[in-house]
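One letter stands for each residue in the lines below.
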Amino acid sequence: VLWEAFVLTFLAEWGDRSQIATIALAAQKDPYGVTLGGIVGHTFCTSLAVIGGRMLASRISERTVAISGGCLFLIFAVHGVWIGSSSLVNA
């Protein structure tokens, strides 16, 4: 489980905006402080996700979560297409 969680988190976080922001911050500030702050911040966010997921799993089924998540992503996609195309016209 430890290895799976590490690989999943590592691959999901590689190259995202928070990593780019951390690189920029480390270039300007103390890299040790940035490293410690990044570790503490990521630990806090991951812990909340694990605890929240555990609580959610005890109340509703995994199928309900998957269907709800899929619907939410479809809504975001439609919103992105609709708003994204209208913002190009206004630019």
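Calculation notes
Counting starts from 1 at the beginning of each chain's written sequence and moves along it residue by residue. Given that the model is predicted, a residue must reach a pLDDT of at least 70 before its local features are reported, and side-chain atom pairs must reach 80 or more before they are shown or counted; all residues, however, enter totals for whole chains, interfaces and linings. Values reported for side chains reflect all heavy atoms of the structure, with hydrogen atoms and water molecules removed beforehand. In this scheme Phe, Tyr and Trp rings, the latter by its six-membered ring, pair at centre separations within 6.5 Å, and the angle between planes marks the pair as stacked below 30 degrees, edge-to-face above 60, and tilted otherwise. Here a strand is any run of E in DSSP of at least two residues, a helix any run of H or I of at least four, and the numbering for each starts at the N terminus. Here the term buried applies to any residue with accessible area under 20% of the maximum for its type, exposed to any over 50%, and partly exposed to those in between, with areas from a 1.4 Å probe on protein chains only. A patch consists of residues whose relative accessible area exceeds 30% and which take part in no salt bridge; residues with like charges are grouped when within 9 Å of each other, and nonpolar side chains (Val, Leu, Ile, Met, Phe, Trp, Tyr) when within 5 Å. A 1.4 Å probe and the Shrake-Rupley method give the accessible areas. Residues count as covered only by the protein chains that appear here. By definition, a salt bridge exists where a carboxyl oxygen of Asp or Glu is found within 4 Å of a side-chain nitrogen of Lys or Arg. To estimate how far a helix should reach, multiply one less than its number of residues by 1.5 Å. For every residue, the predictor reports its confidence as pLDDT, a number between 0 and 100.

Enquirer: Hey, could you run me through the packing of aromatic side chains in this one?
Expert: Two numbers describe a pair of aromatic rings. These are the distance of the centres and the angle of the planes. A complete count under the given rule lists two aromatic pairs for this structure. Here the aromatic rings of Phe6 and Phe10 are separated by 5.8 Å at their centres, their planes lie at 25 degrees, and the arrangement is stacked. Here the residue Phe6 and the residue Phe10 both occupy positions in helix H1 (residues 2-13), the gap between them amounting to four residues, near one helical turn. On the accessibility criterion, Phe6 (45% relative accessible area) is partly exposed.

Enquirer: Help me understand a nonpolar patch on the surface in this model?
Expert: Taken together, the side chains of Trp3, Phe6, Phe10, Leu11 and Trp14 make up a nonpolar region of the molecular surface, amounting to roughly 670 Å² of accessible area. Tracing the backbone shows Leu11 in helix H1. For Leu11, a relative accessible area of 61% puts it in the exposed group.

Enquirer: In this structure, what is going on with H1? I would like to understand it.
Expert: The terminal C-alpha atoms of H1, which comprises 12 residues, lie 16 Å apart, in line with the 16 Å expected from a rise of 1.5 Å per residue. Sparse coverage of H1 is indicated by the burial of zero of its 12 residues.

Enquirer: Looking at this structure, how should I read the confidence of the model for the chain?
Expert: Segments scoring low in pLDDT should not have their predicted coordinates read at a detailed level. Summarising the model, the chain shows a mean pLDDT of 85, and 92% of its residues fall at 70 or more. Considering each helix and strand of the chain separately, the mean pLDDT is smallest for helix H4 (residues 62-90), with a value of 83, and largest for helix H3 (residues 31-59), with 89.

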